[in-house]
Amino acid sequence: AAAAAAAAAAWAMSSQQGASPAQQVAAWARTVPLATLCCLGLCAAAFALQLLSGWDAFGRVCASPALLVRQPWRALAAAFVHAGLLHVAFNCFSFAAVGAALERRLGTLRFSASLL
């Protein structure tokens, strides 16, 4: 808890001292626990791959609950497939806040296990 408070204070100071946006993001990233940061990175990478490939399978991956019986991997894939930029942005913003707090409370291993 003390390390998180110190990191948050450092991030707040960097935003007040005229740091560039890149420096502010780097300072913020240092305050986010590892598993939360990895999940955010996976979401961003999956969305980037979706955009680059032109693959729009949100409906095929997420909106087919009957397929979960035959293809259970879809339940995990649905967490990383998003319908648009606002969808992924709001999900990541929410996950960053809630996930970071929950990971600090549960610990990285228990938090990671709860995600699966």
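Computed from a predicted model, the values in this text were never measured in an experiment. (Residues numbered from 1 in each chain as written. Predicted model: local features only at pLDDT ≥ 70, side-chain atom pairs only at ≥ 80, totals over all residues. Heavy atoms only, no water.)

Draft legend 1. Broad picture of the packing of aromatic side chains. Using the criterion set out here, one finds 1 aromatic pair in the structure. Ring centres 6.1 Å apart and planes at 35 degrees place the aromatic pair Phe95 and Phe111 in the tilted group. Residue Phe95 is located in helix α7 (residues 85-106), and its partner Phe111 is located in helix α8 (residues 108-115); the two are separated by 16 residues in the primary sequence. Overall, the relative accessible area of 24% leaves Phe95 in the partly exposed class. Take Phe111: its relative accessible area is 1%, and that puts it in the buried class. (Phe/Tyr/Trp six-rings, centres within 6.5 Å; stacked < 30°, edge-to-face > 60°. Helix = DSSP H or I, 4+ residues; strand = E, 2+ residues; numbered from the N terminus. Buried < 20%, exposed > 50% of the residue type's maximum accessible area, 1.4 Å probe, protein only.)

Draft legend 2. Region of interest: helix α3 (residues 34-53). For α3, with 20 residues, the first-to-last C-alpha span of 28 Å sits near the 28 Å given by 1.5 Å per residue. Considered for burial, the residues of α3 that qualify are Ala35, Thr36, Cys39, Leu40, Cys43, Phe47 and Gln50. The buried residues of α3 occupy an angular sector of 145 degrees when the element is viewed end-on, so they sit on one face. Opposite the buried face of α3, by more than 90 degrees, sit the exposed residues Leu34, Leu49, Leu52 and Ser53. Looking at the buried side of α3, the elements it contacts are α2 (21-29), α7 and α8. (Expected span 1.5 Å × (residues − 1). Arc of directions from axis to C-beta. Contact = heavy atoms within 4.5 Å.)

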